[in-house]
Amino acid sequence: MTLKPRLSDDEVINSDVAKSATIPSKYYTDPELYKLAQERIFARSWQYATETDRLKVPGQVISWTMGEGGLNEPLMLTRDNDDKLRCLSNVCTHRGALLVESDCHLKQIRCRYHGRRFSLDGQFQSAPGFEDVCNFPAPSDNLPSVPTEQFDKFIFASLHPAFSFEDLIGDMNKRVGFLPLKQSQFSAKDSRDYVVNANWALYCDNYLEGLHVPYVHPSLTQLLDTKNYTTEIQPLSILQVGGAANPCDAFDLPEEHPDYGKSIAAYYYFLFPNMMWNFYPWGLSINLVLPMAIDKTRIKFITYIWDESRMAQYSPTDIDKTEREDEQVVELVQKGVRSRLYDRGRYSKHWEDGVHHFHSLLLKYLSLE
Ligand code: FES
Ligand SMILES: [Fe+2]
């Protein structure tokens, strides 16, 4: 049998996109690499948690599983009695019971297994039956706290951040910070989950290039101004700017904006490793790429609207169709990369520099001890 032709044993891709081969297919199929990505990439990156509208007043508590299906880290977000937002471990420091199972309003957190209590900032308060225990309570009896950051009203957390939040969102903030994000309202009818039978990184690869658009989404091609479609590579993010074919669909950019004078219909931000923040004149669509298994990924679409009157071009049925077209092709790739006869390809210099950058980041963070 002819096995996969290997271009080279060197798995580090070339920093020049025109000279580089794509990453070997084992990055999408090897269970060990999948596990390594959870610890070295997902546990060390910033993940979107929720928005401040859900934690308006002291006492509000939200349970949140970071990386549902993958990392599966049980956390909770609280607004404590000093009005401070916190992200805490949702695991009791006694014998590990989950503390909070749904959104609630509390004065303190009480474990329902043996009654241990914590304040909303995670400090141990009391534990019935522990009267004669030595060196108790110790700092390890408090709930571990997880770093959080905010982009406008949107809250992110990271278990062990390998890079700063500012480095992740700095450029995005400069370009879209002028939008009325605070006034945006969550739209349940425009938000949904999809499940794709493919590796999480394949879904990201597909998002990061426009080369497939005329083939996979022929109906979209008429709407997009492909001449005005650009990609900008930032250290930890990749921006695709969609030009407006019709000036009525463009953002009203303020004079001091770096893109003032251009006709822009959308800013598509990919934030490493697994988030897409798509900004339109009417609102924002966040897509979270959540690995559930090596070949199964949940895509969470979360939509916020600030100007319904500008949604004329937006059609939920078109969005759904585009998503199904992407999913189908990504699932085909998942079957293809398992082949014994395929290992690596090449990048289009013009269209796939975003994919190349994403792969460089994958390799960099996977090899970080
Ligand atoms: S596990 Fe929480 S008090 Fe025992
Ligand atoms: Fe697509």
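Residues numbered from 1 in each chain as written. Chains lettered and ligands numbered in written order. Predicted model: local features only at pLDDT ≥ 70, side-chain atom pairs only at ≥ 80, totals over all residues. Heavy atoms only, no water.

Participant: With reference to specific residues and values, describe the domain arrangement of the protein chain.
Facilitator: Once the domains are mapped, the protein chain shows domain 1 (47-151) and domain 2 (166-366). Measuring from the centre of the C-alpha atoms in domain 1 to the corresponding centre in domain 2 gives 34 Å. Counting from both sides, the interface comprises 8 residues of domain 1 and, opposite them, 19 residues of domain 2. Across the domain 1 to domain 2 interface the summed buried area is about 1000 Å²; carbon plus sulfur atoms make up 60%. Looking only at domain 1, the three residues that lose the most surface to domain 2 are Gln-47, Tyr-48 and Phe-151, adding up to 63% of its buried area. Counting the contacts that link domain 1 with domain 2 gives 0 salt bridges. For the pair domain 1 and domain 2, the interface holds 4 residue pairs in polar contact (both at pLDDT 80 or more). No other element matches strand E1 (residues 47-51), which puts 3 residues into the side of domain 1 that touches domain 2. Here the residues of the side of domain 1 that touches domain 2 sort into 2 nonpolar, 3 polar and 3 charged. (Domains from an automatic or database assignment. Contact = heavy atoms within 4.5 Å. Buried area = accessible area lost by both parts, 1.4 Å probe. Salt bridge = Lys/Arg side-chain N within 4 Å of Asp/Glu carboxyl O. Polar contact = N/O pair within 3.5 Å; in protein donor to acceptor, adjacent residues only side chain to side chain. Helix = DSSP H or I, 4+ residues; strand = E, 2+ residues; numbered from the N terminus. Nonpolar A, V, L, I, M, F, W, Y, C, P; charged D, E, K, R; others polar.)

Participant: Which residues make up the pairing of strand E2 (residues 60-66), and what values go with them?
Facilitator: In this sheet, strand E5 (residues 104-105) lies alongside E2 in antiparallel orientation, the contact comprising 2 bridges. By the bridge assignment for E5, Val-61 is matched with Cys-104. Pairing of E2 with strand E3 (residues 73-79), which is carried by 6 bridges, proceeds in the antiparallel orientation. Across the sheet, the residue bridging to Met-66 is Glu-73, located in E3. Taken together, E2 and the strand that follows it, E3, pair antiparallel across an intervening segment of 6 residues, in which Gly-67 is found at a positive phi of about 65°. (Pairing = 2+ DSSP bridges.)

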